[in-house]
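Structural features, examined
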Amino acid sequence: MADLFTIEDLRLSLPDMTKKPLLGQAPRIDILKGLSFTLPKGEILGIVGGSGSGKSTLGRAMVRLLEPTGGRILFDGQDITHLDEDGLRPLRRRFQMIFQDPMSSLNPRHRVGQIIAAPLSLHGFADVPARVMDALDHVGLSRGFANRYPHELSGGQRQRVGIARAIALRPEFILADEIVSGLDVSSQAQVLNLLEGLVQELGLTLAFISHDLSVIRRLCSRVLVLYQGEIVENAATAEVFDAPKAAYTRELLDAIPLPDPDQVWT
Amino acid sequence: MADGRSQIRRRVGLKLWLSGGWIAFLVMAALCAPWLAPHDPLAQDLFLGRLPPAWVQGAEPGFYLGTDSLGRDVLSRILYGARLALIVALVAGSLTCLIGATLGLMAGFLRGWVDVVISRAIDIWMAFPPVLFSILLIAVMGPGLTSIILAIVVIDWTRFARVVRAEAMAQGAMDYVASAQVAGRRRISTMFTEILPNVLPTIVVLLTLEMGIAVIVEAILSFVNLSISTDDPTWGGMIAEGRTSIHQAWWVLVFPLVTLFLTVLSFSQLGEGLKDRFDPVLR
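Below or above, wherever it landed, is the structure these notes cover. Residue numbers run consecutively from 1 along every chain, following the written order of its sequence. Key to labels: chains lettered from A, ligands numbered from 1, both in the order written. Per-residue local features are limited, in this predicted model, to residues with pLDDT of at least 70; the limit for side-chain atom pairs, both in listing and counting, is 80 or more; totals at the level of whole chains, interfaces and linings are taken over all residues.

A tally of helices and strands in chain A yields 10 helices and 10 strands. Radius of gyration: C-alpha atoms only; globule rule: 2.2 Å multiplied by the number of residues to the exponent 0.38. Over its C-alpha atoms chain A spans a radius of gyration of 19 Å, differing by no more than 12% from the 18 Å that the globule rule assigns to 266 residues. Projected onto its principal axes, the C-alpha coordinates of chain A cover approximately 55 × 50 × 40 Å. Secondary structure elements follow DSSP: runs of H or I of four or more residues count as helices, runs of E of two or more count as strands, with numbering from the N terminus.

In structure tokens:
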């Protein structure tokens, strides 16, 4: 299968304003230290790592919310590493993002219908209202939700709105950044089931960022383990769970709470 | 998946009714002043000087709130004074709001050099003593309605710019801004469609507050005789005049003062009430 994303030696550093001298440049902190991997079409890639490992930064660089300072990002063969917003705009429809905290990512003063419709109208879709309803149907929300405000919804419902907004554009790629970490366990399961179904139905390629390996194990076909801005493991899910190569991966695996501490993952 | 969250409704607060009622009453009074006022507000009659209000011994029929030392009817002057007060409140308040809020929104959301320029301008502006600044402005431009409005706008836009900038900065850090970028929305468009609705409740509260302040500033300027011509009835002018005869005729001071107080209070409460009632997030 063709690769949707090809990432070569991706580097990203930000100025450290806390250590900025009175005059002159602030020293830079390297957040991503040369990452290379490919993401084939139709795959669900899990990106794991602890806090500060750079997983969210990697995600945001892939959807070009951040501009890398080195390396290359190819999306469907096209170099998007340093494209400006005007250049990115036609491509924006094809890669979407679902955010961690829907309370922050859904505009509190827009109705759900407006929130889902906005990207559609921006990309010049015809029959926007019909597509909004279709998106609501897809995520299992009744159509009446279009007239609600985000704060009138529960956590799980809000995250469904976030998903609906992303899939309404019929993108090829979706970045899901910690989308279930704010939800209770039963909502988590529902949202993950929903996402899994949508990936199959719409033929999506997914990058799923999480710090929770048990969630990754259920959903993803490949896992990328990040540690301090570097890839320490990049393998099929089963392989990572059965025979982790990096010491850091083993640490992460040991941190998963087991129902019975005497059992081992099989 | 339906629950009761969307059914919660807030009742219209007493605050909104009282303040809105007073403002509406004042607007009607100002519009209908020629028909409502029992006397010509400028007509002087020294034989009728310092008549007490209707319910006090020694009152003349027809002068419900008494007369001042020149025999001018206090009620009529308050009614005509409402016209000037309301024009200043509406025009100066809205202009200040428009200029200040736009600059604040741009500084807070666009950041970068735009923010640097606007923020420095605010800092410098706020270092001037405001009352002296307005007196200076009016001294240069000459007294008159336009000068008063201009003085208020020139001095008070920083009040909006500062608060709106802070609010826009906080909103700009929210993920819905990043989400708009992922959707391909332009920065300027994001500023108006995403940020503005979230800053609007603050702007409305500030706007009504500013209307109250504008009324006070006009009164202060009348008090120091820098408002419009001294003949025209203004609340500040009446208060200044009443001060000199407070021991002989308290009504000349008290009635315009109470009207001014109620008006300023109503404007500030109106903003809070409107926010409580119409902000979807608070509902």
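What follows picks up the thread again.
With that settled, consider the nonpolar core. The nonpolar core is taken to be a set of buried Ala, Val, Leu, Ile, Met, Phe, Trp, Tyr and Cys residues joined by way of C-beta atoms within 7 Å. Partly exposed residues are those falling between the two cut-offs: more than 12 but fewer than 20 other C-beta atoms within 10 Å of their own, whereas 20 or more means buried and 12 or fewer means exposed, with C-beta atoms placed from the backbone. Counting 80 residues, the largest nonpolar core has A:A164 and A:F208 as its most contacted members. Our contact criterion uses C-beta atoms placed from the backbone: two residues qualify when those atoms are within 7 Å. Once you skip the residues sitting within four places of it in the chain, A:A164 turns out to touch A:I116, A:A135, A:L136, A:H138, A:V139 and A:L141. Residues B:I23, B:L65, B:V153 and B:W235 belong to the second largest nonpolar core, which totals 65 residues.

A few words now on the sheet that holds strand β8 (residues 205–210) of chain A. Two strands in a sheet stick together by hydrogen bonds in their backbones, pointing the same way (parallel) or opposite ways (antiparallel). All names here are of chain A. In this description, strands pair whenever DSSP reports at least two bridges between them. The mixed open sheet is built from six strands, whose spatial order is β6-β7-β8-β3-β9-β10. Two strands in the sheet have a free side with no partner beyond their single neighbour: β6 (95–98) and β10 (230–236). Each strand axis lies, on average, 15 degrees off the axis of its neighbour in the sheet, ignoring direction. Across four bridges, β6 lies against strand β7 (residues 173–177) in parallel orientation. Looking at the pairing, M97 lines up with L175 of β7. For every element, the axis is a line fit to its C-alpha atoms; helices are fit only across the contacting stretch, and the angle between N-to-C directions ranges from 0 to 180 degrees. Sitting on the sheet, helix α6 (residues 155–168) is in contact with β6 and β7, with an inclination near 175 degrees to β6.

The next subject is helix α5 (residues 128–138) of chain A. All names here are of chain A. Residues V132, A135 and L136 constitute the buried set of α5. The arc enclosing the buried residues of α5, seen along the axis, measures out at 100 degrees, which places them on a common side. Looking at α5, the residues exposed on the side facing more than 90 degrees away from the buried face are A130 and D137. Summarising the contacts, the buried residues of α5 are in contact with α4 (112–122) and α6. Looking at the residues trailing α5, positive phi occurs at G140, about 75 degrees. In this description, one arc is meant: the one made by directions from the helix axis to the C-beta atoms.

Residues and elements named next belong to chain A. Sheet architecture is open: four strands sit in the order β2-β1-β4-β5, paired in antiparallel fashion. In this open sheet, the two edge strands, each paired with only one partner strand, are β2 (28–40) and β5 (78–79). Across 10 bridges, strand β1 (residues 3–15) lies against β2 in antiparallel orientation. The partner of T6 across the bridge, within β2, is T38.

A few words now on the interface of chain A and chain B. With 25 residues of chain A at the interface, the matching set in chain B holds 18 residues. Where the side of chain A that touches chain B is concerned, the elements lending two or more residues are α2 (85–92), β6, α3 (102–105) and α4 of chain A. By residue number, the principal contributor to the side of chain A that touches chain B is α4(A), which donates three residues. Residues that form the side of chain A that touches chain B fall into these classes: 11 nonpolar, eight polar and six charged. Residues were grouped as follows: Ala, Val, Leu, Ile, Met, Phe, Trp, Tyr, Cys and Pro as nonpolar; Asp, Glu, Lys and Arg as charged; and all remaining residues, including Gly, as polar.

All names here are of chain B. One way to put it is that helix α6 (residues 145–172) packs onto helix α8 (residues 187–223) with a least axis distance of 10 Å and a crossing angle of 155 degrees. On the basis of the axis angle, α6 is roughly antiparallel to α8. Relative to α8, the crossing made by α6 is right-handed. Contacts between α6 and α8 involve I148, I152, D156, R159, F160, V163, V164, E167, A168, Q171 and G172 on the former and, on the latter, I195, N198, V199, T202, I203, L206, E210, I213, A214, V217, E218 and L221. Angles below 35 degrees are treated as roughly parallel, those above 145 as roughly antiparallel, those between 65 and 115 as roughly perpendicular, and all remaining angles as oblique. Two helices crossing with the near one rotated counterclockwise from the far one by less than a right angle form a left-handed crossing, whereas a clockwise rotation gives a right-handed crossing.

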